[in-house]
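An overview of the molecular structure
So the chains spell out like this:
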Amino acid sequence: MTSSVAIRYTRNLFLRSFCAVYLAVFVSIYYQAPGLYGDHGVLPARAVLENSHYKTLSAKIHYKSTLLWLAPYLGLSTSAAIDVLALLGIFFAFTGLVSQKFCIVPVFTAMWSLFFSIYQVGQVFVANNYDELLLEAGFLAVFIAPFLPHRRKVKTPHLDMISFWLCRFLAFRVLTGSVLKLLSGCPKWWSLMALKSYFETMPLPSPLARMAFDLPYWFLEVSTVYTIVCELAVPFLFFWPGRTAKITAFYAQVLLQLGILATGNFGHANSLMIAIMLSLLDDQFFYGKQKPRTVLNVLDVVLTGVLWIALFFGTVHFFGLRFSTGGVRAEISFTKMQFSTLIENALPLVVLLLIASFLLVVARSTYQVLFGQTNSSRNPVWGFCVTVFYTIVGALILTSSSTSLLSLHPKTNATAISSLQRAAYNRLHKTHIVNDYRWTPQLADYGGRPEIILEGANHVDGPWKEYNLLFKPGNVNQSLPMLGLYLPRLDWQFYWAAQSTADKQPWLLSLTHRLLHGNPDVLHLIDSSDLPFSTPPKYIRGVLYKYKFQTAMFKGAWWVREQVGEYFPAHSKDSPALEDYLRARNLLPAAKPQPLHPAWKRVLDPIRQLSNQFEGSLLVWAVLATAFAIIVSINSR
């Protein structure tokens, strides 16, 4: 539709945005690592690696690919090695954020490898789509970055076309995975009241979630419609040939992500999605330079307008939007069977259209390198070879990723996926270069949100006193937090455990064991400023409550709650049953510490002591603020 436009500035902004996300993630991991993965942490990382202690290095890497295997050769313990990996990640991300000279392939390869190494021992605390998304997007960022500084100072659209197309394809898969919300038949989504429940029951709501919960019903209905349209219809504009459609799709998606970011604490997820969405833009968007109005430009604007008008009237028709005395009302006008049939028939066609779009981008890229005015035109053979390499990588990702798209519907999952596709997906998914993004298909109807509260006592008959975590609902009078890019992984996991049973959550009994022994690293992850006991109690139990937002906003408590029942029985410090349970899963604290060279200890201890002076989310903001202050200082010279 339009000729190739420069994206040099866009590429730099894209890469530095990724550095900001990586920086927040590494700082967050470093801060929480001792309590989560230390020798006396909830899930010790050394326990994951101990079973392969006597294997050769190559066998260890084959078993679990992580740089932590190098720790003994460097005089490091496993827990200290995690600190080193996180600190290296912070260093690389910080330098890339403050200077685009460091936004290069070696730096992005290092950040991906460091995060992947920690992910490999992260266990249940990284069992979420957001960390997988960072691994997949971070892998693509390696192909977008120049190999060395200034190597892409001249336009290279033949490479950027393919790599940015893969980013749009990733965003497309992440968003359209939400089709399961309707395919599952969830009554809250089909009644368009999903957001009413979502604001109250999301993992870690923010203060604005409480405000959003009280919005008029008609507004929540329309917002639900907007969410569905943004996730299932707007992503198709990512592949429209014209730039105007992509820009308008960018605005729509950023609005959605900002809404999620404002009302919920999802760590780096929404900021990462916005960074990925930058692949929809070009330099002209930021510079605002008016180019001569051509027939193609006018046609691009006109067709984009037609697309949005069609999308608007389609939304009005299929969601029954209408004005009433109480505002705009909506009601889905198609049946669950009709929607299921539509998705079944559409998924193979969507994959074919994506293949056609990719081939078109490859053709344009090849034409640019052979006949266009690019830096590779000086050496077309080399430029063509690089383009072929990018094409092969893109084809592998497209082939394997189509498996996750086709598996969204049971029938296409069984009939439309070849064994070759499944094999490609399984191999790439092992390193999380390609993932299957399946967001929670149904909103559970608990009549509130289930929450596990840990209670301690010095006598089995009580009185029982509560332990409070820092960020999840507990104390009904405690206000909700606004965390930004910080993800408190312990608080986050409590949400999912409350929807399961204690026997499936061994980490929770490991946490109980650490609290009974008063482990300082674990206490650092909870509200240690208001501990119910000056010394560890003799007993700790788990109690399940149901929380609801207080009806009168800003009057008294934030929550009202009622006790549902016992989540797990009281355990004592020396309980044989608890000890045997943890021993069987290799979760007891190590009796003997791993060796750590004194030189490492002299370096790492002061850094840890300094970081412990901050609360986790404040530490993330402090590091980011420092980076942005340096950027402003450099640019003002």
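Looking up the protein in an unreviewed UniProt entry gives the name Lipase maturation factor, with the organism given as Dendroctonus ponderosae. In its Function (unreviewed entry) section, the UniProt record describing the protein reads: "Involved in the maturation of specific proteins in the endoplasmic reticulum." UniProt lists a comment for the protein under the heading Sequence similarities (unreviewed entry), and it reads "Belongs to the lipase maturation factor family."

**Notes on the pattern of salt bridges**
Summed over the entire model, instances satisfying the criterion amount to 19 salt bridges. Between Arg173 and Glu136 there is a salt bridge; the shortest N-O distance is 2.1 Å. Of this pair, Arg173 sits in helix α7 (residues 157-176) while Glu136 sits in helix α6 (residues 129-144); the two residues are 37 residues apart in sequence, bridging distant segments of the chain. For the pair formed by Arg173 and Glu136, the shared burial category is buried. Because the salt bridges share partners, they merge into one network encompassing Asp39, Arg46 and Glu50.

**A few points about the domain arrangement of the protein**
According to the domain assignment, the protein consists of domain 1 (1-153 + 602-636), domain 2 (193-331) and domain 3 (449-596). Each of domain 1 and domain 2 has a C-alpha centre, and these two points are 31 Å apart. Contacts between the two partners involve 19 residues from domain 1 and, on the opposite side, 25 residues from domain 2. Note on domain 1 versus domain 2: buried area summed over both sides is about 1900 Å², and carbon and sulfur give 76% of it. Counting the contacts that link domain 1 with domain 2 gives zero salt bridges. Residue assignment for the side of domain 1 that touches domain 2 shows that the elements contributing at least two residues are α1 (8-37) and α6. Looking at the side of domain 1 that touches domain 2, its residues break down into 14 nonpolar, three polar and two charged.

**Description of the layout of surface pockets**
Estimated volume of the second largest pocket: approximately 790 Å³. Forming the walls of the second largest pocket are 27 residues, and the residues nearest its centre are Leu232, Ala233, Phe236, Phe339 and Leu342. Among the secondary structure elements, those contributing two or more residues to the lining of the second largest pocket are α7, α12 (217-232), α16 (295-318) and α17 (336-371). Take the lining of the second largest pocket: its biggest share by element is seven residues, from α17. Considered class by class, the residues forming the lining of the second largest pocket number 23 nonpolar, four polar and no charged.

**Considerations on the side chain of Glu231**
With respect to the helices and strands, Glu231 occurs in helix α12. Once you skip the residues sitting within four places of it in the chain, Glu231 turns out to touch Leu175, Thr176, Ser178, Lys181 and Leu256.

**Details of the sheet that holds strand β4 (residues 465-466)**
Pairing within the open sheet is antiparallel, and its four strands lie in the order β4-β3-β5-β6. Of all the strands in the sheet, the pair left with one neighbour each is β4 and β6 (559-572). Two elements, strand β5 (residues 539-549) and β6, share ten bridges in a ladder whose sense is antiparallel. Within β6, the position partnered with Tyr539 by the bridge is Ser572. Packed onto the sheet, helix α10 (residues 194-201) meets β3 (449-457), β5 and β6 and runs at close to 145° relative to β5.

**Description of the nonpolar core**
Residues Leu23, Phe108, Ile276, Leu490, Trp507 and Leu511 are the most contacted members of the largest nonpolar core, which totals 200 residues. If one sorts the elements of this core by residue count, α1 sits on top with 18 residues. Beyond its immediate sequence surroundings of up to four residues, Ile276 is in contact with Phe14, Phe18, Leu133, Ala137, Cys167, Leu170 and Ala171.

**So, the environment of Pro348**
Among the secondary structure elements, Pro348 is positioned in helix α17. For Pro348, a relative accessible area of 31% translates into the label partly exposed. Sequence separation between Pro348 and Thr412 is 64 residues, and the spatial gap between their C-alpha atoms is 7.6 Å. With residues up to four places along the chain from it excluded, the contact list for Pro348 reads Leu406 and Thr412.

**What about the packing of helix α5 (residues 105-119) against α6?**
Running from amino to carboxyl end, α5 crosses α6 at an angle of 160°, the nearest separation of the two axes being 9 Å. As far as their axial angle goes, α6 and α5 are roughly antiparallel. Relative to α6, α5 is oriented so that their crossing is left-handed. Residues Val105, Phe108, Thr109, Trp112, Phe115, Phe116 and Tyr119 of α5 form the contact with α6, whose participating residues are Asp131, Glu132, Leu134, Leu135, Gly138, Phe139, Ala141 and Val142. Among the residues making up the contact of α5 with α6, the classes are represented as eleven nonpolar, two polar and two charged.

Calculation notes
- Residues numbered from 1 in each chain as written.
- Predicted model: local features only at pLDDT ≥ 70, side-chain atom pairs only at ≥ 80, totals over all residues.
- Heavy atoms only, no water.
- UniProt positions renumbered as here; feature names shortened; annotations may be inferred.
- Salt bridge = Lys/Arg side-chain N within 4 Å of Asp/Glu carboxyl O.
- Helix = DSSP H or I, 4+ residues; strand = E, 2+ residues; numbered from the N terminus.
- Buried < 20%, exposed > 50% of the residue type's maximum accessible area, 1.4 Å probe, protein only.
- Domains from an automatic or database assignment.
- Contact = heavy atoms within 4.5 Å.
- Buried area = accessible area lost by both parts, 1.4 Å probe.
- Nonpolar A, V, L, I, M, F, W, Y, C, P; charged D, E, K, R; others polar.
- 1 Å grid on protein atoms, 1.4 Å probe; cavity = no way out; pocket = protein on both sides within 12 Å on 5 of 7 lines; lining within 4 Å.
- Points joined across faces, edges and corners; volume = space filled by probe spheres on them.
- Pairing = 2+ DSSP bridges.
- Axes fitted to C-alpha atoms, helices over the stretch in contact; angles between N-to-C directions.
- Core = buried A, V, L, I, M, F, W, Y, C linked by side-chain atoms within 4.5 Å.
- Parallel < 35°, antiparallel > 145°, perpendicular 65-115°, else oblique.
- Left-handed = near helix turned anticlockwise from the far one by under 90°.

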